[in-house]
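Commentary on secondary and tertiary structure
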Amino acid sequence: MTSRTNAIEGAGLRRTYGDHELFPRADQGSHQETHAGRPTGDEDQSGSSDWPLQHFTVHHDGVTIPVSRGGQGRPLVLCPGLNSTQADLHELIGLLRRHHDVVTFDLRGHGLASAAARYSFEAFLGDLVAVLGALDLPTEPVLVGYSLGADLAVHYAAECPDTVAGLVLIDGANPLPEPFITDADMADFRAMADDLVSRQETQRTKGTAHHVLLTARNIHDLNLEVDAVRSAILDRYRKIDHPIRMIMSKYLAGNSVAGRAPRHNQIWRAGIARLIRERPYVSTCWLDADHRLVFTHASEIAEIIRSGPLSRQTGF
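The following paragraphs examine the structure supplied in this document. (Residues numbered from 1 in each chain as written. Predicted model: local features only at pLDDT ≥ 70, side-chain atom pairs only at ≥ 80, totals over all residues. Heavy atoms only, no water.)

A few points about the overall build of the protein chain
For clarity, the threshold we go by: Only DSSP runs of H or I reaching four residues or more are called helices, and only runs of E reaching two or more are called strands; each is numbered from the N terminus. Only protein chains enter the area calculation, which uses a 1.4 Å probe; residues under 20% of their type maximum are buried, those over 50% are exposed, and those in between are partly exposed. Computed with the Shrake-Rupley method and a 1.4 Å probe, the accessible areas treat only the protein chains shown as cover for residues.
A count of helical and extended segments in the protein chain gives 10 helices and nine strands. Considering the protein chain as a whole, with its 316 residues, one finds that 57% of them fall into the buried category. Per element, the accessible surface of the protein chain, about 12500 Å² overall, is 47% carbon and sulfur.

Structure, rendered in structure tokens:
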């Protein structure tokens, strides 16, 4: 695989992985609305304006999820991560649409999705289930997830293996060998969440496609929950017999040699090594990047996804 030669400059704990992060059936009352017009966002950039886009909403569990679909080729569903929206991922989405029929959406409390009474891993998983249940695709899609979205993709595929063709997991769903957030890290991660929300309030306009409604407490609690989810995610991988490709950052926590970054980066790599020992068919690509790789390395990621097949009998 091709890696970028210069590593992303580490910006410190709060900035480098500030976005780090039961299987419900599709909500009985969930339904979709198709509508004309375009949402406020950047999803038509990067060459994606050569084909018509469809926008509709999915309603379930008291929330409204905005969905966009466009492109050409095999169906692909992209699930964003915690604190990222489909508008944030516009560059990657535009590149993917050149070779795939791409479906994207916003998780509850993100972008143009409505606020929710609860923000939890199970609730976000319900959003993914509802969106996939509302789609009418000609064949099973490749399911792509970034960060938290990767964990959601693994849990979905483990429970509904016949509804996906394969997985591409971007810097998430890592079966960590030990807790990522320890008691010693707690204060830093709380401060990181506070800092992230403060920056969002100043940099993003409320009610737009880039806005995130979660509080600092929501984000901190979700990071702890994701840590627990990843400690047990190997059991989910054992249920999946589809091609899986991991696209991982070498320096999740930045490339500083000081502070907690070296330990967190070591745990990140050790988790993938653990996965490969357990499931050797999993294909892994490492990029010289931190957790922002979907923004800094969009073209490399799109090419990795396009270039398939994966290291499983047939791939996609």
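Description of the pairing of strand β9 (residues 283-287)
Defined as follows: Here, any two strands with at least 2 DSSP bridges between them count as paired. The definition of a right-handed crossover adopted here requires that, viewed with the strands pointing away, the path from the first strand over the helix to the second runs clockwise.
What you see with β9 is a clean split: Ser283, Cys285 and Leu287 sit on the buried side and Thr284 and Trp286 on the side with no burial. Two elements, strand β8 (residues 244-249) and β9, share five bridges in a ladder whose sense is parallel. The partner of isoleucine 247 across the bridge, within β9, is cysteine 285. The parallel pair β8 and β9 is bridged by helix α8 (residues 261-278), and the resulting crossover is right-handed.

Remarks on the packing of aromatic side chains
Filter applied, for reference: Aromatic pairing here means that ring centres of Phe, Tyr or Trp (its six-membered ring) are within 6.5 Å. Orientation follows from the plane angle: under 30 degrees is stacked, over 60 is edge-to-face, and everything else is tilted.
On inspection of all chains with the given rule, the structure shows three aromatic pairs. Aromatic pair tyrosine 146 and phenylalanine 295: ring centres 6.4 Å apart, planes at 80°, arrangement edge-to-face. One end of the pair, tyrosine 146, is in strand β6 (residues 142-146); the other, phenylalanine 295, is in helix α9 (residues 293-296), and 149 residues separate them in sequence. By relative accessible area, tyrosine 146 is classed as buried at 2%. Among the residues examined, phenylalanine 295 registers a relative accessible area of 32% and is labelled partly exposed.

With respect to the side chain of aspartate 127
Cut-off, in case you're wondering: Should any heavy atoms of two residues lie within 4.5 Å, those residues are counted as being in contact.
If you trace the backbone, aspartate 127 turns up in helix α3 (residues 121-134). For aspartate 127, a relative accessible area of 0% corresponds to the buried category. Contact partners of aspartate 127, with chain neighbours within four places excluded, come to His60, Val63, Ile65, Leu107 and Arg108.

So, unusual backbone geometry
Even without being glycine, aspartate 61 reaches a positive phi, approximately 50°. Structurally, aspartate 61 can be placed in the loop between β2 (54-60) and β3 (63-71). We classify aspartate 61 as partly exposed; its relative accessible area is 32%. Despite not being glycine, asparagine 83 shows a phi value in the positive range, around 70°. One can find asparagine 83 in the loop between β4 (74-79) and α2 (90-96).

Overview of the pattern of salt bridges
Basically, it comes down to this: Any Lys or Arg side-chain nitrogen located within 4 Å of an Asp or Glu carboxyl oxygen qualifies as a salt bridge.
Per the stated rule, a full pass over the model turns up 14 salt bridges. The residue arginine 230 makes a salt bridge to aspartate 151 at a minimum N-O spacing of 2.8 Å. A residue pair is termed long-range when its members are at least 10 positions apart, and arginine 230 in helix α6 (residues 216-231) and aspartate 151 in helix α4 (residues 148-159) qualify at 79 residues. Residue arginine 230 shares its accessibility class with aspartate 151, and that shared class is buried. Where arginine 217 meets aspartate 221, a salt bridge forms, and the shortest distance between an N and an O atom there is 2.9 Å. Of this pair, arginine 217 and aspartate 221 both sit in helix α6, separated by four residues, roughly a single helical turn.

What about the packing of α3 against α6?
Put simply, the rule reads: Fitted lines through C-alpha atoms serve as axes, helices being fitted only where they are in contact, and the angles separating the N-to-C directions of these axes extend from 0 to 180 degrees. Our angle categories are set so that under 35 degrees counts as roughly parallel, over 145 as roughly antiparallel, 65 to 115 as roughly perpendicular, and the remainder as oblique. Residue classes follow a fixed rule: Ala, Val, Leu, Ile, Met, Phe, Trp, Tyr, Cys and Pro count as nonpolar, while Asp, Glu, Lys and Arg count as charged, and any other residue, Gly among them, counts as polar.
α6 packs onto α3 with a crossing angle of 80° between their chain directions and a minimal axis gap of 10 Å. In terms of axis orientation, α3 runs roughly perpendicular to α6. Contact residues: α3 offers Phe121, Glu122 and Phe124, while α6 offers Leu222, Glu225 and Val229. Looking at the contact of α3 with α6 residue by residue, the class counts come to four nonpolar, no polar and two charged.

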